[in-house]
Amino acid sequence: MKIFLDTADIEEIRIVARWGVLDGVTTNPTLFAKTSGATYEEVLKEICTITSGPVSAEVVAEEVEGMLKEGRAFAKIAPNIVVKVPMSEEGLEAMSRFAEEGIKTNCTLIFTANQGLLAAKAGASLLSPFVGRLDDINQDGMIVIRELAEIVAIHELDTEVLAASIRNPLHMTQAALAGAHVATLPFKVLQQMVHHPLTDKGIVQFRSDWDKARKALAASNGKASAGAAKAPAAAKSGS
Ligand code: G3P
């Protein structure tokens, strides 16, 4: 399963790229609003210098021509830009037009398998069901991931299921088991995936045992060399 970072924070993206686990990035207007000092286009450009994987850039227009205008401008930023389009009647039309133009799209705000199926037929290369937001309203978001992954496999659709709105490490495991091709997650959740109390405790313990062993060795070597230094003196006094 590919891992995308769901953020517009350049520093977080750099860190995860250094870890060697970054396959792409997803952004949206809410994530961009958390950054400061640069335009959305500048942020996207910078992200595309860090990763050559897909970088999703979301349109905010609600009518087809507006979506097309924004998406075409995003697509010019870098070859790995994927235009994120919301699921709607206009969004379907825009996605099918983008597909004709060879511009890749990520259909966002998917909450049912049917919506995902329509987006796939319109030509979206990524389908983004929002797991956490379904959980928020007491529905099992993972069901949509499982259903869509199965539909894509059965009908050999040329698209990928991207589990979005991932809120915790358990969501990641469940998305992987449900057959998601990709999951996008916040930096915090990725950090949570790295750590386990027993791992962290084990690292501290190994370090401390290592230090003790080296001190003990240094002490015994010190005694031995002190003994060796004394020996000739004793021999001299005895002659
Ligand atoms: O990838 C979509 C994501 O940014 C939405 O997450 O936590 O706001 O539902 P959330």
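Residues numbered from 1 in each chain as written. Predicted model: local features only at pLDDT ≥ 70, side-chain atom pairs only at ≥ 80, totals over all residues. Heavy atoms only, no water.

Q: Can you walk me through the side chain of Thr26 in this structure?
A: Here Thr26 lies in strand β2 (residues 24–26). Thr26 sits in the buried class, given a relative accessible area of 1%. At 2.7 Å, the side chain of Thr26 and the side chain of Asp6 are in polar contact. (Helix = DSSP H or I, 4+ residues; strand = E, 2+ residues; numbered from the N terminus. Buried < 20%, exposed > 50% of the residue type's maximum accessible area, 1.4 Å probe, protein only. Polar contact = N/O pair within 3.5 Å; in protein donor to acceptor, adjacent residues only side chain to side chain.)

Q: Which parts of the structure should I look at to understand the site of the ligand?
A: The ligand sits among Asp6, Asn28, Phe130, Arg133, Ala164, Ser165, Arg167 and Thr184. A distance of 3.1 Å separates an oxygen atom of the ligand from a polar side-chain atom of Asn28. A distance of 2.7 Å is found between an oxygen atom of the ligand and a side-chain nitrogen or oxygen belonging to Ser165. Coverage of the ligand by the protein amounts to 81% of the 310 Å² it exposes when considered alone. For the ligand, the cavity whose grid points lie within 2 Å of the majority of its atoms is the largest pocket. Among the residues forming the shell around the ligand, the class breakdown is 2 nonpolar, 3 polar and 3 charged. (Near = heavy atom within 4 Å. Areas by Shrake-Rupley, 256 points an atom, 1.4 Å probe, with all protein chains shown as cover. 1 Å grid on protein atoms, 1.4 Å probe; cavity = no way out; pocket = protein on both sides within 12 Å on 5 of 7 lines; lining within 4 Å. Sits in = over half its atoms within 2 Å of the grid points. Nonpolar A, V, L, I, M, F, W, Y, C, P; charged D, E, K, R; others polar.)

Q: Explanation requested: the packing of helix α4 (residues 64–77) against helix α5 (residues 89–101) in the structure shown.
A: In helix packing, the relevant descriptors are the interaxial angle and the interaxial distance, both defined with respect to the helix axes. Running from N to C, α4 and α5 point in directions that differ by 40 degrees, and their axes come no closer than 9 Å. One finds that α4 runs oblique with respect to α5. The two elements α4 and α5 meet at a crossing, and its hand is right-handed. For the pair formed by α4 and α5, the contact residues are Val64, Glu65, Met67, Leu68, Gly71 and Arg72 on the first element and Glu90, Gly91, Glu93, Ala94, Arg97, Phe98 and Glu101 on the second. (Axes fitted to C-alpha atoms, helices over the stretch in contact; angles between N-to-C directions. Parallel < 35°, antiparallel > 145°, perpendicular 65-115°, else oblique. Left-handed = near helix turned anticlockwise from the far one by under 90°. Contact = heavy atoms within 4.5 Å.)

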